[in-house]
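# Structure assessment
Each chain, written out:
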Amino acid sequence: MFILILGAPGSGKGTQGKILAERLGLPKITTGDLIRGAMRDGTPIGLEVKKYYDEGKLVPDSVVLGMIKDELDRPEAKDGAILDGFPRTAAQAELVDRTLAQRGQRLNHILLLDVTEDELVRRMSQRAQVEGRPDDTPDAIRTRLQVYQRDTAPLIAHYAQRGIVHRVPGTGSVDQISEAIKRIIGR
Ligand code: AMP
């Protein structure tokens, strides 16, 4: 089963994705973690993407598409995965759809974590104090929210046509939200 967790930055995708992946015994693929890893290791890709990342902009598809393809092709993701942080653009969605279709698979569920913008800003600012992420500065947070609305939110309509989008209220305790997801997925 392939499940996509979609939501604005700060909506709790990472937290809920981890819980879901553990419960279903599926790998979680997180482009943000892969990008942070490349930057930490100082790889050529890591150096190339740093300026986009720090400003809260999307890393170009020319870099991310290859990353996504490699991850989906891993044997661990043969039967399913939790996708966290991608697809975020139309080109990425097309790649995911095509790669899965070639294997006779498809995205089964899209979980849309619904959180108000005020709450998103509050959470990211709080995280900035704990984790010190360079993209949790006020300017980068603003950019990330704009980029989400412009590039990623339109994917909701794309997938809604297939009837696989479930809206999950993203406010409440972590447990309440994961229980809501459990009810939707059925396990
Ligand atoms: P995240 O941890 O998912 O909030 O991602 C943090 C940052 O990593 C984003 O602001 C982008 O700079 C970059 N990033 C993560 N996933 C993607 C993606 N699928 N496409 C482009 N950039 C991404």
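Conventions we followed
- Residues numbered from 1 in each chain as written.
- Predicted model: local features only at pLDDT ≥ 70, side-chain atom pairs only at ≥ 80, totals over all residues.
- Heavy atoms only, no water.
- Helix = DSSP H or I, 4+ residues; strand = E, 2+ residues; numbered from the N terminus.
- Rg over C-alpha atoms; globule rule 2.2 N^0.38 Å.
- Buried < 20%, exposed > 50% of the residue type's maximum accessible area, 1.4 Å probe, protein only.
- Contact = heavy atoms within 4.5 Å.
- Pairing = 2+ DSSP bridges.

## A closer look at the overall build of the protein chain
Secondary structure assignment for the protein chain yields 9 helices and 5 strands. Reading the protein chain from its N terminus to its C terminus gives the helix and strand order β-α-β-α-α-α-β-α-β-α-α-α-β-α. A compact globule built from 187 residues would reach a C-alpha radius of gyration of about 16 Å, and the protein chain, at 16 Å, matches this within 12%. Its C-alpha atoms put the protein chain at 40 × 40 × 30 Å along the principal axes. Split into buried and exposed, the 187 residues of the protein chain put 46% on the buried side. Considering only residue pairs separated by 6 or more positions, the protein chain has 75% of its internal contacts joining residues 24 or more positions apart.

## Here's the deal with the pairing of strand β4 (residues 107–114)
Of all 8 residues in β4, 6 are buried; the element is thus mostly enclosed. Two elements, strand β1 (residues 2–7) and β4, share 6 bridges in a ladder whose sense is parallel. Bridging from a neighbouring strand, Ile5 pairs with Leu111 of β4. Across 5 bridges, β4 lies against strand β5 (residues 165–169) in parallel orientation. Bridged to Leu111 within β5 is His166.

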